[in-house]
Amino acid sequence: MKLSENTLAVLKNFASINSGVVLNNGKTQKTIHPDKSVLVEAVLEDDFPETFGIYDLNQFLGNVTTLKNPELSFTKDSVTLSDGELALTYHGCSPNLIVTPPNKELVLKTVDVTFALPNVTLQKLLKVATMNSLPNLSVVGKEGALMLKIHEKANDTSNHGFTTVSDYYGKDFFSTFKTENLKLLPDDYDVELQIGAFAKFVNSAGNLKYFIAQETK
């Protein structure tokens with residue numbers, strides 16, 4: 001098999017969340033941050049033939065890109081990458097060495113708020129947050145508006161910015177995330193929020209789901 005550009009992009013995104021991964025037999029793959037704050041589920045274009053643990057996913061992907069679109073041949077314990085000039089045998093690792101997601105499907109107990117999050121809006125917010133060293137993005141429902149606010153929650157005098165994403169007529173709320181946890185692949189997302197717990201981000205194609213924990217302190 002060869003890895004498509006889409007699969008490589010998703011796996012690079014996985015590597016930004018957890019340095020290791022256990023690829024399961026099939027197209028559906030998951031990863032989770034070591035502190036359990038972010039879980040991602042993706043349905044890939046490529047169908048993996050074996051369950052295979054990779055301890056250093058960035059290293060593995062570096063080999064794939066260096067060999068320039070190699071053919072991958074999996075066994076239970078290793079994978080051979082061959083581009084016609086060089087063949088590399090890459091050994092897998094025990095899944096026990098990697099923090100892996102639970103086998104059960106993660107679902108929100110309740111959905112308190114839903115909204116559409118265009119990619120252009122999210123990327124602008126995160127870029128400004130980075131430029132101003134703002135560690136938090138909050139979803140705020142207040143006075144008839146649903147807003148996204150970038151700020152430093154622990155510092156009332158920090159720079160801050162906000163944008164309105166929709167009307168809102170429910171009970172006032174304030175849900176905060178670490179901006180460093182919002183490592184979503186660029187896309188438009190539909191968001192479901194369980195206030196005080198998790199938010200679920202689903203991309204426009206429906207093949208990417210991120211579950212991201214809110215800050216509770």
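Scroll up for the structure.
Structure report, in brief.

### A closer look at the side chain of T7
Now for step 1: Summarising the element assignment, T7 is placed in helix α1 (residues 5-17).
Now for step 2: What T7 contacts, discounting residues up to four positions off in sequence, is L44, E45, D46 and F48.

### A word on the environment of G144
Now for step 1: Relative to the elements of secondary structure, G144 occurs in the loop between β9 (136-142) and β10 (145-151).
Now for step 2: Between the C-alpha atoms of G144 and G170, which are 26 residues apart in sequence, the distance is 7.9 Å.
Now for step 3: G144 has contacts with D167, Y168 and Y169, leaving out every residue within four places of it along the chain.

### Quick word on the packing of aromatic side chains
Now for step 1: Following the criterion strictly, the structure yields six aromatic pairs and no others.
Now for step 2: Residues Y168 and F173 carry aromatic rings whose centres are separated by 5.4 Å and whose planes lie at 75° to one another, so their mutual orientation is edge-to-face.
Now for step 3: On the numbers, 6.0 Å between centres and 75° between planes, the contact of Y189 with Y210 is edge-to-face. You can see Y189 sitting in strand β13 (residues 189-193) and its partner Y210 sitting in strand β15 (residues 208-213), a full 21 residues away along the chain. The two residues Y189 and Y210 agree in class, both being buried.

### So, helix α3 (residues 119-131)
Now for step 1: In this model α3 runs 18 Å from its N-terminal to its C-terminal C-alpha over 13 residues, within 8% of the 18 Å that 1.5 Å per residue would give.
Now for step 2: Turning to α3, its buried residues number three or more, namely L122, L125, L126 and A129. All buried residues of α3 lie within an arc of 95° about the axis, which places them on one face of the element. Exposed and facing more than 90 degrees away from the buried side of α3 are V120, K124, K127 and M131.
Now for step 3: Buried residues belonging to α3 abut β8 (113-117), β9, β10 and β11 (161-167).
Now for step 4: One or two steps after α3, the chain reaches S133, where phi turns positive at roughly 55°.

### Section: the sheet that holds strand β6 (residues 78-82)
Two modes of strand pairing occur in sheets, parallel and antiparallel, and in both the strands are linked by backbone hydrogen bonds.
Now for step 1: With respect to topology, three strands assemble into an open sheet ordered β5-β6-β7, the strand pairing being antiparallel. For this open sheet the edge positions go to β5 (71-74) and β7 (87-91), each flanked by a neighbour on one side alone. Adjacent strand axes in the sheet meet at a mean angle of 20° when their direction is disregarded.

### A look at the sheet that holds β8
Now for step 1: Within the open sheet, the six strands sit side by side as β2-β3-β15-β14-β13-β8. Their pairing is antiparallel. Strand pairing shows two members of the sheet lacking a second neighbour, β2 (26-32) and β8, which therefore form its edges. Here the strands of the sheet are splayed against their neighbours by 20° on average, with no regard to which way each runs.
Now for step 2: Alignment of β2 against strand β3 (residues 38-48), held across six bridges, turns out to be antiparallel. Bridging across to β3, I32 finds its partner in L39.
Now for step 3: The strands that α1 touches are β2, β3 and β15; relative to β3, the one it contacts most, it runs at about 155°.

Thresholds, definitions, all that
- Residues numbered from 1 in each chain as written.
- Predicted model: local features only at pLDDT ≥ 70, side-chain atom pairs only at ≥ 80, totals over all residues.
- Heavy atoms only, no water.
- Helix = DSSP H or I, 4+ residues; strand = E, 2+ residues; numbered from the N terminus.
- Contact = heavy atoms within 4.5 Å.
- Phe/Tyr/Trp six-rings, centres within 6.5 Å; stacked < 30°, edge-to-face > 60°.
- Buried < 20%, exposed > 50% of the residue type's maximum accessible area, 1.4 Å probe, protein only.
- Expected span 1.5 Å × (residues − 1).
- Arc of directions from axis to C-beta.
- Pairing = 2+ DSSP bridges.
- Axes fitted to C-alpha atoms, helices over the stretch in contact; angles between N-to-C directions.

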